[in-house]
Amino acid sequence: MFLHNFKYSFLTLFRNKMLIFWTFAFPIILATFFMMAFSNIEKKEQLDIIDIAIVENEEFTNNKILNEAFKVLGDKNSKEQLFNIKYTKLEDAKKLLTDGEISGYLLVKKESTEVIVSTSGVNQTILKQVTDEIIQNQKIMEKIVENETVNGIYNIDYNKIYENAIKTINEAEVRLENVSNKNLSYTMIEFYSLIAMACLYGGILGLSSINEVQANMSNNGKRVQVSPVSKSKIILGSTLASYIAQLIGLAILFIYTVFVLKIDYGSNLLLIILLSLVGSLAGLSIGILVGSGFKTNENAKTGIILSYTMFCCFLSGMMGITMKYIIDKNIPIINKLNPASMIVDGFYSLYYYDTLDRYFFNVISLVIFACILILISIYSLRRQKYDSI
Amino acid sequence: MTVFNTFLKILNKNKFIIIMYTVILITFAGFNMKTSDNRLSFVSSKPDVLVINNDENIGLTKDLIEYINKNTNIIDIEDKKDNINDALFYREVNYIIYIPKNYRKDFLNGLNPKLKIKTTGDYQASLAEIILSRYIKLANIYLNINNNEDEIIKNINETLKSKTNISVTSKLDTNNLSKATYYYNFANYSILAGCVYVICLILSSFREEKIRKRTVISSTNMRKYNRCLMLSNSLLAIFLWLFYVLLSFIIVGNIMFSIHGLLYIINSFIFTICALSLAFLIGNIITNKNAINGIVNVVSLGSSFLCGAFVPIEYIPNSVLLIAHIFPSYWYIQNNEIIKTLEVVNIDTLKVIFINISVIIGFMMLFTIISNIISKRKTKTK
């Protein structure tokens, strides 16, 4: 009987087109949209070579230091290239700026050096910082020369002093050691929250299989309930069917995101599977609880699950990853109770951290969450009697 | 009037959906808009930096921290568990500088000690690195000349004082214009999802088999009935549009009273009408209410993601933008982006905007024609 019920619950679920659309197809469609929209964000956020212009006037040509410095910074063959420089006349530079083709241009005057930009921004700030640096180096040269002269060397060999000064400036080495974690791609959170959504949407499957066997929810349920089969067998069969259906959907989503979209879930396959199993169980338990605990019609129940899932995903960063961080930082208790956040945080800790304690904390939280919900459902399902329906 | 009354009744039942999408619009528009003054002078970008100092806070170390403080936004994060790593991942800080113990002493002794850093690798972090390197370079240079600490600090600060003059040419209020653009770009989703969904639901209620049969058999003039349905739906769309425009005055502020603001409003109006025709098309093709939910979600999310309503358009890969051309949203959002950078408003500069608007109108006509053909066929076959 168990197998019989299991088989037919399974078939009923797969015949329901709307159900399959929301739990199977919708996450895949959304993942594709995410990929299309987000794939370039992080690349574009890296420092690109900045387009600038320099007004080629007499003052600039005569200023050796500026000349040399920008030649190095604009060298296309160098790894250190920071700018893409166009040497132009003043009118052309102005036109390039209004057309938005350059971030700004440099105008060297007799008494000062000017940077002209169209708006404030990071590229413009970098242009200014670098020009400042070059101007300051010029000042340092003067100071070094002054220092040498004060030291009382009377046979001043300006060339040598200059060479020494340039050497001092170039030899000043900045020693920085980068110790950041390698996996810093924050758009991953979007995909993790998508997996969380798929897990929780699985609740709809659980809900519909519970509805099929409840006498007050469907005609089918009335027939099932009067049949001489133990209730636990029936319910176990249907929920197991929906759990497996849910896992199939999740597996398809994983295969799609890993092989087509190239999402990085970290390298530990077993732990990823464990987290998805537990996450789906949490989704299933929500479905069973809503199916058994709430006394409304099926549409309202589906609505409850959909909006609850969307709200949880919103808090866990699906509509903007800063949301999760803000909640984690200011009201951590909310995300400790939010199953979507537990799933996202579990994947995040697998991806970003080397240690596993945070991951297991999330897995255990999910198990506890699912157990509590299932216990409540069992309590409300057992010994149900209907005087009239 | 009967039609209109029924329309209002169904609308009332579905008001929750419209409220939901409006709340989403307000939340996201408000969330992403930090208030800022309108500045026409140059403002340096300041990356978010965290300094963790394990050295004594005196002398050179103190001066370094003060310098970082002046040129970046110092973010203070409690050094607890994963806090700092989380902050870096979620981009609360772009750059973390760890100053080791005895840094100052080692530096003055000429050892040039290493600084450990953590970086997000984006351009903000690059800027932070430029700023940090600047100071260390200067300190190294002056250490070579004279290794008296006070003298070094004095020299560094003196050198840092000499700066280039910078001037800004644009007279546009870029800050507020970006806000308006963000708002109207996001409204693309609210209009498509909210307006189209509700109109489709209303249409499908009217087209339900039994109700349709009853209407056809009644003495009501079919033309009048259709016109009334069309008018009430248009009224709903226009009302929603007006509501979103009013909302933009509150959220975005003064810039909406300028010629730029007017352009945003005109552009969004044309788009709303186009969305209306799309709603009629979807409502005509599909009558199953559950299926409408799926289709509207896919269409609205799809065109919002691909056309740059959620993510700034410059971040979207070119290949995706090429596909995006088939959505009216693309032309609508392009217009918003053009309005943002419009320096002078004259026939020449407005030409591009007019072209985009005519494309949206083209879409509108296409949707209307297709939905007419489909609805004619449906009535004939039944």
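Conventions adopted
- Residues numbered from 1 in each chain as written.
- Chains lettered and ligands numbered in written order.
- Predicted model: local features only at pLDDT ≥ 70, side-chain atom pairs only at ≥ 80, totals over all residues.
- Helix = DSSP H or I, 4+ residues; strand = E, 2+ residues; numbered from the N terminus.
- Buried ≥ 20, exposed ≤ 12 C-beta atoms within 10 Å, placed from the backbone.
- Contact = placed C-beta atoms within 7 Å.
- Domains from an automatic or database assignment.
- Axes fitted to C-alpha atoms, helices over the stretch in contact; angles between N-to-C directions.
- Parallel < 35°, antiparallel > 145°, perpendicular 65-115°, else oblique.
- Nonpolar A, V, L, I, M, F, W, Y, C, P; charged D, E, K, R; others polar.
- Pairing = 2+ DSSP bridges.

### Digging into the overall build of chain B
No. 1: Across its full length, chain B holds 15 helices and 5 strands.
No. 2: With the C-alpha coordinates aligned to their principal axes, the bounding extent of chain B is approximately 100 × 50 × 35 Å.
No. 3: Counting only residues that meet the buried cut, chain B has 38% of its 382 residues in that class.
No. 4: Long-range contacts, defined here as pairs at least 24 residues apart, represent 78% of the contacts in chain B between residues at least 6 apart.

### What to know about the environment of Leu274 of chain A
All names here are of chain A.
No. 1: With respect to the helices, strands and loops of the structure, Leu274 is situated in helix H12 (residues 269-293).
No. 2: We classify Leu274 as partly exposed; it has 15 C-beta atoms within 10 Å.
No. 3: Residues Leu274 and Val363 lie 89 residues apart in sequence; the distance between their C-alpha atoms is 8.2 Å.

### Observations regarding unusual backbone geometry
All names here are of chain B.
No. 1: Its identity as a non-glycine residue notwithstanding, Arg91 has a phi of 65°, on the positive side.
No. 2: Mapped onto the elements, Arg91 comes out in the loop between helix H4 (83-89) and strand E3 (95-99).
No. 3: The backbone of Asn112 shows a phi angle near 45°, a positive value even though the residue is not glycine.

### A closer look at the domain arrangement of chain B
No. 1: For chain B, the assigned domains are domain 1 (2-37 + 174-381) and domain 2 (48-161).
No. 2: For domain 1 of chain B and domain 2 of chain B, the distance between their C-alpha centroids amounts to 51 Å.

### Remarks on the packing of helix H2 (residues 17-38) of chain A against helix H9 (residues 188-212) of chain A
Residue and element names in this part refer to chain A.
No. 1: Put simply, H2 and H9 touch, their axes get as near as 9 Å, and they point 170° apart. Viewed along their axes, H2 and H9 adopt a mutual orientation that is roughly antiparallel. Contacts between H2 and H9 pair Leu19, Trp22, Thr23, Pro27, Leu30, Ala31, Phe34 and Phe38 from the former with Glu190, Phe191, Leu194, Met197, Ala198, Tyr201, Gly202, Ile204, Leu205 and Ser208 from the latter.
No. 2: Looking at the contact of H2 with H9 residue by residue, the class counts come to 14 nonpolar, 3 polar and 1 charged.

### As for the pairing of strand E4 (residues 113-117) of chain A
No. 1: Of all 5 residues in E4 of chain A, 4 are buried; the element is thus mostly enclosed.
No. 2: Connecting the antiparallel pair strand E3 (residues 104-108) of chain A and E4 of chain A is a turn made up of 4 residues.

### Details of the sheet that holds E4 of chain A
No. 1: The 5 strands are arranged E2(A)-E1(A)-E3(A)-E4(A)-E5(B) in an open sheet whose pairing can be described as mixed. Both edges of this open sheet fall to strand E2 (83-88) of chain A together with strand E5 (165-168) of chain B, since each of them pairs with a single strand only. Neighbouring strand axes in the sheet, compared pairwise and without regard to direction, differ in orientation by 25° on average.
No. 2: When strand E1 (residues 50-55) of chain A meets E2 of chain A, the two strands line up parallel, connected through 6 bridges. Bridging across to E2 of chain A, Ile54 of chain A finds its partner in Tyr87 of chain A.
No. 3: Packed on one face of the sheet, helix H6 (residues 90-98) of chain A meets E1, E2, E3 and E4 of chain A and runs near 155° to E1 of chain A.

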